[in-house]
Amino acid sequence: MEHELAACDSVHYLEGWIDVLGNGLLKKTTLKSSGNQTDNPQTGQNVNIWIRTMLENRKDIEPPKYLSFMIGSGDVELLPSKTLALLHILSQPPGSKIFLEVKLLSISGVHIKERSEEEQLELINREREKGNNYFQMKDYQLALFTYTRALKIIRSSSEGEITHELKDMLLDEKVKCYSNMAACHLKTGNLKETMSCCDVVLQHRPHHCKALFRKGKVLALQQIYPLSIVFLKKALAVQPEHPEIKEEIKTIISIWKKQRISRITEKFGRGSSKRPATSQGSFKNINWKWTIGISAVALVYSKVTTTTVYNKAITTVYSKAAATTVYNKVSQQQSIVKLPQ
């Protein structure tokens, strides 16, 4: 067991771990690589492995064992199956780490591309159904991992020349996987990935009701209500009697209206609050420089007005005096002309 102990020491100190599930619960790293990509097993091939399960202190939980399975055929039970070994694991403190050292012994069988169409679709459907089961169990991270694995099989099966029938069936499986992944991301609150998965679905199936509905919900959560209603109405056009879609549209329209009313009220509220309540209050708020300026303008205007009135008065008096003089002269000439006094 010298090789296994040395490997375990390496596991303890190695860096560059890959987070398999994305939640930190399952990580992996490579201790020794053959350096030859052809030695890596491909989807659909059979492998034999040697596995050892141990605690962080390098103590075995159970003796090493051998397993055989097909890549992509489903989950493999790597953890101990014996009752005593499981009790030993459960007796460990919370947060304890379990290390599994795996050694690839042999590869056999053919690549999935060389299998029949029925076998390829069976592998894909099996993975997708497992993802559905994890979704029902609310284990969304593991469901996403399983759907991603199904997509890898789809990509492998799509390589090279394939029949139109197989191409259509693989596309259907792809759409189902991305649609289910969108549901997982929406459940976990990852709006960006939800939108991305919905866009992939709608790229191939523009009238996919669930993708339209989920995209509408994401847009509503992002407060883009007009566009959200557009996509929800598209979903409703596909399924006119769907009660959940109808209720979602009704709810979003109500929220949008309340938001618009609130913004309008706030806008006009700010405008009215700036207006003075009384004239007395408005004078108190006027800057002293403006006060002097206004007074000066008023004074100048007053002088101009007074001068104008004074000039008019002089002109009037002068006119009357001139008229009297003319009248007197005319009277002396015994004229009948009468001028106003």
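Before any of the text, the structure's been laid out above.
Model, not experiment: these values are computed from the prediction.

**What to know about the nonpolar core**
The nonpolar side chains of a soluble globular protein tend to be buried with one another. Tyr-178 and Met-181 are the most contacted members of the largest nonpolar core, which has 43 residues in total. What Met-181 contacts, discounting residues up to four positions off in sequence, is Leu-144, Tyr-147, Thr-148, Leu-151 and Cys-197.

**Details of the pattern of salt bridges**
For the coordinates displayed, the defined rule picks out nine salt bridges. Here Arg-52 and Asp-60 are joined by a salt bridge, their closest N and O atoms 2.4 Å apart. For Arg-52, a relative accessible area of 2% translates into the label buried. Several salt bridges converge on common partners, so that one network encompasses Glu-127, Lys-130 and Arg-149.

**Considering the packing of helix 3 (residues 117-136) against helix 4 (residues 140-158)**
At a minimum axis separation of 7 Å, helix 3 and helix 4 run at an interaxial angle of 165°. Between helix 3 and helix 4, the crossing angle belongs to the class labelled roughly antiparallel. The crossing of helix 3 and helix 4 is left-handed. Here helix 3 contributes Gln-120, Leu-123, Ile-124, Glu-127, Arg-128, Lys-130, Gly-131, Asn-132, Tyr-134 and Phe-135 to the contact with helix 4, which in turn contributes Tyr-140, Leu-142, Ala-143, Thr-146, Tyr-147, Arg-149, Ala-150, Ile-153, Ile-154 and Ser-157. The class makeup of the residues in the contact of helix 3 with helix 4 is 11 nonpolar, five polar and four charged.

**A closer look at the sheet that holds strand 5 (residues 98-108)**
Picture the strands of a sheet paired through backbone hydrogen bonds; they go either parallel or antiparallel. Judged by pairing direction, the sheet is antiparallel, and its three strands sit side by side in the order 4-3-5 without closing on themselves. Each having just a single partner strand, strand 4 (60-70) and strand 5 make up the two edges of the open sheet. Shown here is a sheet whose adjacent strand axes are inclined to one another by a mean of 15°, direction ignored. Summarising the sheet, strand 3 (residues 46-55) and strand 4 pair through eight bridges and their orientation is antiparallel. If you follow Ile-51 over to strand 4, its bridge partner there is Lys-65.

About the criteria used
- Throughout this document, residue positions are counted from 1 along each chain, in the order its sequence is written.
- Local features in a predicted model are, by the rule used here, given only for residues with pLDDT of at least 70; side-chain atom pairs are given and counted only at 80 or more, and totals for whole chains, interfaces and linings are based on all residues.
- Calculation of side-chain values draws on the structure's entire complement of heavy atoms; hydrogens and water are dropped beforehand.
- Only buried Ala, Val, Leu, Ile, Met, Phe, Trp, Tyr and Cys residues count toward a nonpolar core, and they belong to the same one when joined by side-chain atoms within 4.5 Å.
- Between buried and exposed lies partly exposed: a residue is buried under 20% and exposed over 50% of the maximum accessible area for its type, with that area taken using a 1.4 Å probe on protein chains only.
- Note on contacts: a residue pair qualifies if any of its non-hydrogen atoms lie within 4.5 Å across the two residues.
- Put simply, a salt bridge is a Lys or Arg side-chain nitrogen that is within 4 Å of an Asp or Glu carboxyl oxygen.
- Where helices are involved, their axes are fitted lines through C-alpha atoms of the stretch in contact, as for all axes, and angles between N-to-C directions lie from 0 to 180°.
- Note on conventions: DSSP H or I runs of at least 4 residues are helices, E runs of at least 2 residues are strands, and numbering of each starts at the N terminus.
- Orientation categories follow fixed angle ranges, with anything under 35 degrees roughly parallel, anything over 145 roughly antiparallel, 65 to 115 roughly perpendicular, and all other angles oblique.
- In this scheme the crossing of two helices becomes right-handed for a clockwise turn of the near helix relative to the far one and left-handed for an anticlockwise turn of less than a right angle.
- All residues other than Ala, Val, Leu, Ile, Met, Phe, Trp, Tyr, Cys, Pro, Asp, Glu, Lys and Arg, Gly among them, are scored as polar; the first ten of these are nonpolar and the last four charged.
- When DSSP locates at least two bridges between a pair of strands, those strands are taken to pair.

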